[in-house]
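# Reading the structure
Chain by chain, the residues:
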Amino acid sequence: MTDVTGAPADVLHTLFHSDQGGHEQVVLCQDRASGLKAVIALHSTALGPALGGTRFYPYASEAEAVADALNLARGMSYKNAMAGLEHGGGKAVIIGDPEQVKSEELLLAYGRFVASLGGRYVTACDVGTFVADMDVVARECRWTTGRSPENGGAGDSSVLTSFGVYQGIRASAQHLWGDPTLRDRTVGVAGVGKVGHHLVEHLLAEGANVIVTDVREDAVRRVTERHPSVRAVADTDTLIRTEGLDVYAPCALGGALNDDTVPVLTAKVVCGAANNQLAHPGVEKDLADRGILYAPDYVVNAGGVIQVADELRGFDFERCKTQAAKIFDTTLAIFARAKSDGIPPAAAADRIAEQRMAEARARG
């Protein structure tokens, strides 16, 4: 079923009528010369210009791309609010296989569309886009972050992302065991790529016992050769079933917490860098029912967005690290709110973010 524009009716229903909607603006972008087809979704500018990355992905349909942009933009509103940033939430998706259709002309055309919004949306990297791509986009759009240091940017954001996750793990330990120290705690890290391998370094520096897994053998080997004390297991299924695991840190793909994994988790804490860890609504309650403390992913992995936001002020690493360190206190506040309201931490984080956005709207 479609509406008069030909767009699937369920997409428009999501935008205008569902709890997942409420977006301020959705822009459909097309440049025939370069082949660009993109969607820019602005969920909220209550706290400031919408900030969020550009995802380049071969969606099965335009409707799927629009739906993803809507969901991702909404998520960025919550992430930015909880990170204490003066930014709302937005996201862009470019439709197509980046390995096949990405070109300089396409990225420049995309930059012109972002620039046409006059600063209401600030873009950055996401799946399928990289620092070099943002350098190209920035040639047409000054509201571009995630650029290379040579072009006035901060470069790789994985260092501060991992630092924020580390602070989230420390806060979880403080809440659950009364001490943020991770010495002799056993932490399982699933995914030791850009963010995960930095997280391992933080954990080892504090004296934690670390177990890792990754689908890429070279990623595991890089960690174990550098740190012989780190133990590797075959896969994530093995990792989450490991006896004596205190913390599980999913740092790879989303959907790590689902109907199959939650019942067999041995860890008492889940805190990792992966986005969208909860496979579907209700998983957060399943974790709470099992006595597993979940640190909301969009809160603890906000180090990266803190970094790209700082580029607009003239990047200062120490200033960003100081702000990322506050993820410790933010995570503790979420756990306290969850306890006082009798709800899971994920719901508590949403409430705090929604309250901040509502207060900003009320102030006008």
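Note that this is a predicted model, so its numbers are computed, not measured. Positions within a chain are numbered from 1, following the residues in the order the chain's sequence is written. In view of the model being predicted, local features appear only for residues whose pLDDT reaches at least 70, and side-chain atom pairs are presented and counted only at 80 or more, with totals across whole chains, interfaces and linings using the full set of residues. The basis for every side-chain value is the complete set of non-hydrogen atoms in the structure, without hydrogens or water.

### Comments concerning the overall build of the protein chain
Only DSSP runs of H or I with at least four residues qualify as helices, and only runs of E with at least two residues qualify as strands; both kinds are numbered from the N terminus onward. Helix and strand counts for the protein chain stand at 15 helices and 12 strands. Restricting the calculation to C-alpha atoms gives the radius of gyration, and the globule rule supplies 2.2 Å times the number of residues raised to the power 0.38. Against the globule reference of 21 Å for 364 residues, the protein chain gives a C-alpha radius of gyration of 20 Å, in line with a compact fold. Here the C-alpha coordinates of the protein chain stretch approximately 55 × 45 × 40 Å along the principal axes. Summarising the internal contacts of the protein chain: among those between residues at least 6 apart in sequence, 64% fall at separations of at least 24. Surface exposure here means Shrake-Rupley accessible area, sampled with a 1.4 Å probe, where a residue is shielded only by the protein chains that are shown. Surface exposure of the protein chain reaches about 16,100 Å², of which carbon and sulfur atoms provide 49%. His residues and chain termini do not enter the charge count, which takes Lys and Arg as positive and Asp and Glu as negative. Where a charge lies is defined by one atom per residue type: Lys uses NZ, Arg uses CZ, Asp uses CG and Glu uses CD. One way to put it: in the protein chain the 35 positive side-chain charges average out to a point 5 Å from where the 46 negative ones average out. The criterion used for residue contact is that any of the two residues' heavy atoms lie within 4.5 Å.

### Side note on the environment of Ala-50
Along the chain, Ala-50 falls in strand β3 (residues 50-51). A residue is classified by how much of its surface remains accessible, and Ala-50, at 0% relative accessible area, is buried. Put simply, Ala-50 and Asn-80 are 30 residues apart on the chain and 9.0 Å apart in space, counted from C-alpha to C-alpha. With residues up to four places along the chain from it excluded, the contact list for Ala-50 reads Leu-42, Ser-44, Thr-45, Gly-88, Gly-89, Gly-90, Arg-120, Tyr-121 and Val-122. Each residue is placed in one exposure class: buried if its accessible area under a 1.4 Å probe, protein chains only, is under 20% of its type's maximum, exposed if it is over 50%, and partly exposed if it falls in between.

### Comments concerning the pairing of strand β5 (residues 88-95)
With 8 of 8 residues buried, β5 is to be regarded as a mostly interior element. Taking every second residue as pointing to the same face, both faces of β5 are buried, with Gly-88, Gly-90, Ala-92 and Ile-94 on one and Gly-89, Lys-91, Val-93 and Ile-95 on the other. Only strands joined by at least two bridges in the DSSP assignment are considered to pair. Bridge analysis of strand β2 (residues 36-44) against β5 gives 6 bridges, and the strand direction is antiparallel. Its bridge partner being in β5, Ile-40 is matched across the sheet by Ala-92. In the sheet, β3 pairs with β5 via 2 bridges, with the strands oriented parallel. Across the sheet, residue Ala-50 finds its bridge partner in β5, namely Gly-88. Bridge analysis of strand β4 (residues 54-57) against β5 gives 4 bridges, and the strand direction is parallel.

### Comments concerning the nonpolar core
Ile-40, Tyr-110, Tyr-121, Val-189, Leu-199, Val-200 and Leu-203 are the most contacted members of the largest nonpolar core, which totals 69 residues. In this structure Tyr-121 touches Ile-40, Leu-42, Ala-50, Gly-52, Gly-53, Thr-54, Gly-90, Lys-91, Ala-92, Tyr-110, Val-114 and Trp-143, once residues within four positions along its chain are discounted. Membership of the second largest hydrophobic core comes to 18 residues, among which are Val-270, Val-283, Ile-292 and Tyr-294. In plain words, nonpolar cores are sets of buried Ala, Val, Leu, Ile, Met, Phe, Trp, Tyr and Cys residues tied together by side-chain atoms within 4.5 Å.

### Concerning the packing of helix α14 (residues 327-341) against helix α15 (residues 345-363)
At a minimum axis separation of 8 Å, α14 and α15 run at an interaxial angle of 105°. Between α14 and α15, the angle falls in the class roughly perpendicular. Along the contact surface, α14 presents Ala-333, Ile-334, Phe-335, Arg-337, Ala-338 and Asp-341, while α15 presents Pro-345, Ala-348, Ala-349, Arg-351, Ile-352 and Gln-355. To define axes, lines are fitted to C-alpha atoms, for helices over the stretch in contact only, and angles between the resulting N-to-C directions are given on a 0 to 180 degree scale. Oblique is the label for any angle not under 35 degrees, not over 145, and not in the 65 to 115 range, which are roughly parallel, roughly antiparallel and roughly perpendicular in turn.

### Things to note about the pattern of salt bridges
In a structure, side chains of opposite charge can pair up when their charged atoms sit close to one another. Here, a salt bridge means any Lys or Arg side-chain nitrogen found within 4 Å of an Asp or Glu carboxyl oxygen. If you walk through the whole model with that rule in mind, you get 18 salt bridges. As a salt-bridge pair, Arg-120 and Glu-24 come within 3.4 Å of each other at their nearest N and O atoms. Here the residue Arg-120 occupies a position in the loop between α4 (104-115) and β6 (121-122), and Glu-24 occupies one in the loop between α1 (9-16) and β1 (25-31), the gap between them amounting to 96 residues. Of the residues examined, Arg-120 reaches a relative accessible area of 32% and is grouped as partly exposed. Residue Arg-313 pairs with Asp-310 through a salt bridge whose shortest N-O separation is 3.5 Å. The class of Asp-310 is buried, set by a relative accessible area of 3%.

### Let's talk about the packing of helix α2 (residues 62-82) against α15
Contact geometry of α2 with α15 gives a least axis separation of 9 Å together with a crossing angle of 85°. As far as their axial angle goes, α15 and α2 are roughly perpendicular. Judged by residue contacts, Ser-77, Tyr-78, Asn-80, Ala-81 and Met-82 of α2 engage Ala-349, Asp-350, Ile-352, Ala-353, Glu-354, Arg-356 and Met-357 from α15. Gly is placed with the polar residues, together with every amino acid not listed as nonpolar (Ala, Val, Leu, Ile, Met, Phe, Trp, Tyr, Cys and Pro) or charged (Asp, Glu, Lys and Arg). Broken down by class, the residue content of the contact of α2 with α15 amounts to 7 nonpolar, 2 polar and 3 charged.

### What about helix α12 (residues 303-311)?
Within α12, 9 of the 9 residues are buried, which leaves the element mostly enclosed by the surrounding structure. Every buried residue belonging to α12 is among Gly-303, Gly-304, Val-305, Ile-306, Gln-307, Val-308, Ala-309, Asp-310 and Glu-311, and all of these are buried. Contacts made by the buried residues of α12 are with β3, α2, α6 (158-177), α13 (317-325) and α14.

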